[in-house]
Amino acid sequence: MSSSILGRQLVACLLNISEARRKDLVETVARAALYNTEGVKREGTTVLNIFNDYDYNRSVITIVASIGSIREAVLSACVKACGLINMCTHTGVHPCLGAVDLIPIYPLGEEVGIEDCAQEARAVAQGLTESVQGTSAFLFGWADSLLQRGLAQRRKEMGWFKKTPDMQAVRPDVGPQPQRRYGLTGVGASPYVMNCNVTINTQDISVGRSIATAIRESTPGGLPGVQVLALPHEGTVEIACNVESVKGDPPSHLTDEPWPSFTIDGQKYCHPPASLITARVAELARRQGVGLEGTALVGFTPHECRRLAEFALSQGIAEFWKEQRRIHM
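Keep in mind it's a predicted model, so treat the numbers as computed, not measured.

Student: Looking at this structure, how should I read the overall build of the protein?
Tutor: If you tally the helices and strands in the protein, you get nine helices and 13 strands. On C-alpha atoms alone, the protein measures out to a radius of gyration of 19 Å, which is about the 20 Å that the 2.2 N^0.38 rule sets for 329 residues. Overall size of the protein, expressed as C-alpha extent along the three principal axes, is 55 × 45 × 40 Å. Looking at the protein as a whole, 54% of its 329 residues are labelled buried. Counting only contacts in the protein whose residues sit at least 6 apart along the sequence, the fraction spanning at least 24 positions is 70%. Per element, the accessible surface of the protein, about 14300 Å² overall, is 48% carbon and sulfur. When the 32 positive and 34 negative side-chain charges of the protein are each reduced to one mean point, those points stand 4 Å apart.

Student: Hey, could you run me through the pairing of strand 11 (residues 261–264) in this one?
Tutor: On a regular strand, one side chain projects to one face of the sheet and the next to the other, so that they alternate. Where burial is concerned, the two faces of strand 11 differ: the one with Phe262 and Ile264 is buried and the one with Ser261 and Thr263 is not. Between strand 11 and strand 12 (residues 267–270), which pair antiparallel and follow one another directly, the connecting turn spans two residues, one of which, aspartate 265, has a positive phi of 55 degrees.

Student: Would you take a moment to explain the UniProt feature "domain: Formiminotransferase N-terminal subdomain" (unreviewed entry) in the protein for this structure?
Tutor: Residues given the UniProt feature "domain: Formiminotransferase N-terminal subdomain" (unreviewed entry) here are residues 9–191. Taken as a whole, residues 9–191 contains 29% helix and 24% strand, while its terminal C-alpha atoms sit 15 Å from one another.

Student: Can you help me understand the domain arrangement of the protein in this one?
Tutor: By a frequent convention, interface size equals the accessible area lost on bringing the separate parts together. Taken as a whole, the protein is organised into domain 1 (2–190 + 302–328) and domain 2 (193–298). Domain 1 and domain 2 are separated by 23 Å when their C-alpha centres are compared. Contacts between the two partners involve 25 residues from domain 1 and, on the opposite side, 20 residues from domain 2. Both sides together, the interface formed by domain 1 and domain 2 hides about 1800 Å², and carbon and sulfur atoms give 61% of it. Inspection of the domain 1/domain 2 interface yields zero salt bridges. Applying the counting criterion to the domain 1 and domain 2 interface returns five residue pairs in polar contact (both at pLDDT 80 or more). Those elements that place two or more of their residues in the side of domain 1 that touches domain 2 are strand 2 (45–53), strand 4 (100–107), helix 5 (151–158) and helix 8 (302–314).

Student: Got a minute to help me understand the packing of aromatic side chains in this structure?
Tutor: What characterises a pair of aromatic rings is the spacing of the ring centres plus the angle enclosed by the ring planes. A full pass over the atoms with the stated rule returns four aromatic pairs. Where tyrosine 106 meets tyrosine 192, the ring centres are 5.0 Å apart and the plane angle is 45 degrees; that geometry is what we call tilted. In this pair, tyrosine 106 sits in strand 4 while tyrosine 192 sits in the loop between strand 6 (185–189) and strand 7 (193–200), placing the two residues 86 residues apart along the sequence. Tyrosine 192 carries the same exposure label as tyrosine 106, and that label is buried. Residues tryptophan 160 and phenylalanine 161 carry aromatic rings whose centres are separated by 5.0 Å and whose planes lie at 90 degrees to one another, so their mutual orientation is edge-to-face. Take tryptophan 160: its relative accessible area is 2%, and that puts it in the buried class.

Student: Hey, could you run me through the sheet that holds strand 11 in this one?
Tutor: Where strands meet in a sheet, backbone hydrogen bonds hold them as pairs that are either parallel or antiparallel. Read across the sheet, three strands follow the order 10-12-11 without closing on themselves; strand pairing throughout is antiparallel. With partners counted over all chains shown, the strands left at the sheet margins are strand 10 (246–247) and strand 11, one partner each. Pairing of strand 10 with strand 12 involves two bridges; the strand directions are antiparallel. Looking at strand 12, one finds that lysine 247 is bridged to tyrosine 269.

Student: Explain helix 4 (residues 114–131) here, please?
Tutor: An ideal rise of 1.5 Å per residue puts 26 Å on 18 residues; helix 4 measures up with 25 Å between its terminal C-alpha atoms. Restricting attention to buried positions, one finds in helix 4 the residues Ile114, Cys117, Ala118, Glu120, Ala121, Val124, Ala125, Gly127, Leu128 and Thr129.

Student: In this structure, what is going on with the environment of alanine 12? I would like to understand it.
Tutor: Among the secondary structure elements, alanine 12 is positioned in strand 1 (residues 10–17). A sequence separation of 36 residues divides alanine 12 from leucine 48, and the C-alpha atoms of the two residues are 9.7 Å apart.

Student: How should I be thinking about the packing of helix 6 (residues 205–215) against helix 7 (residues 274–286) in this particular structure?
Tutor: How two helices sit against one another is set out by the angle between their axes and by the gap between those axes. It is the contact of helix 6 with helix 7, at a shortest axis distance of 10 Å, that shows an interaxial angle of 135 degrees. Between helix 6 and helix 7, the angle is such that the two are oblique. In terms of crossing hand, the pair formed by helix 6 and helix 7 is right-handed. Residues Ile211, Ala214 and Ile215 of helix 6 form the contact with helix 7, whose own contacting residues are Arg280, Val281, Leu284 and Ala285.

Cut-off values and rules
Residues numbered from 1 in each chain as written. Predicted model: local features only at pLDDT ≥ 70, side-chain atom pairs only at ≥ 80, totals over all residues. Heavy atoms only, no water. Helix = DSSP H or I, 4+ residues; strand = E, 2+ residues; numbered from the N terminus. Rg over C-alpha atoms; globule rule 2.2 N^0.38 Å. Buried < 20%, exposed > 50% of the residue type's maximum accessible area, 1.4 Å probe, protein only. Contact = heavy atoms within 4.5 Å. Areas by Shrake-Rupley, 256 points an atom, 1.4 Å probe, with all protein chains shown as cover. Lys, Arg positive; Asp, Glu negative; His and termini not counted. Charge placed at Lys NZ, Arg CZ, Asp CG, Glu CD. Pairing = 2+ DSSP bridges. UniProt positions renumbered as here; feature names shortened; annotations may be inferred. Domains from an automatic or database assignment. Buried area = accessible area lost by both parts, 1.4 Å probe. Salt bridge = Lys/Arg side-chain N within 4 Å of Asp/Glu carboxyl O. Polar contact = N/O pair within 3.5 Å; in protein donor to acceptor, adjacent residues only side chain to side chain. Phe/Tyr/Trp six-rings, centres within 6.5 Å; stacked < 30°, edge-to-face > 60°. Expected span 1.5 Å × (residues − 1). Axes fitted to C-alpha atoms, helices over the stretch in contact; angles between N-to-C directions. Parallel < 35°, antiparallel > 145°, perpendicular 65-115°, else oblique. Left-handed = near helix turned anticlockwise from the far one by under 90°.

Okay, structure coming up:
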C-alpha cells in the first residue's frame, strides 16, 4: 500500500499512562498495541514514539493506525496497562486520575473526520470498561456528543487538578464509580493537540505559575489554544503546555512566523508554533530575572506525525520508536 493511500486513513492516539519509572513495563504496553496475544503483528499499526518522564511518572505512547484499526490497537494497550499499573501505589508530580490517564484520538488526514475519531473514542471507552471490570471513563471533545466540552473543562469537573481528588464525588460517563486501583480515564477526540514543555531555570513555582497564567488562552493577551500548568521538574520549573488546534487563521498580531495549519472536514485549523511559545515564556521569565533551560516536544507536530507514520508503515516498521534515532529524514 502506498504512503499516499495510508495517509488518507490515518489517525493518532497519544496514549498517556501513569508510569515512566519502569520503562520495560511501558514498552510492554506499547507492544500490546502492535501485536495480538499470539504475538502476531497487527498490520498497518505503528508506535512512533514513547516519551517518559521520571518526575512526572508519566509516559506518552504515540500510536498510529488506520481509522479501522485504531480501536483494537488502543484497547489492547489499555487493557495491558490496567493489568500492570496500580494507582494505589502511584507517585509523581504530574496530576493524574487513572492508570490509563488519557486516550485522545486525532485525525491525521483530511479524509478522516473528527466525528469518525469520536465514534472510535466512544467505542474505546465502552470497550475498556467492558474488558477490565472496575475501570471507568469520562468523555471530552467531539466524543462528548451533546456538549463537546474541552479536556481542560472536563478535567476540572472531575477533580483532575486537585492534589487529592475525591473519587467518590466523580460521576463518570462510562462505567462504574471509579475504583482506586484503576482510577478514571479521559477518552476523547479533537483536532491534533501538540504537547510543548518549556523549562525555566528556577525552583520558584510561583514564577512558573505567573508565566503559565500569562500565556494561557483564557487570559487576555494569552496564546490561542494554549492550556498550561507550571510543575516542579528535576530541580527546575516546567511550563507544560497542551497546544490545541484552533479554527481559522492565526491572529494577525502573532504572525511574525508561520503557524502550522491543516484542514479537517473542510475546516482550516492552526496552532501556535513551539518557537512562539518558547519566546513568550523566555520573555516573561527574563522580566523576573530567570533564564530559559530549553523546550521539548512530547511526540510531534501534526505534520511530523503524519509524515513519520507514512514512512514507518510503508517500511513495515512497527516499533518505530526504536528506529527514529538512526533514521534521518
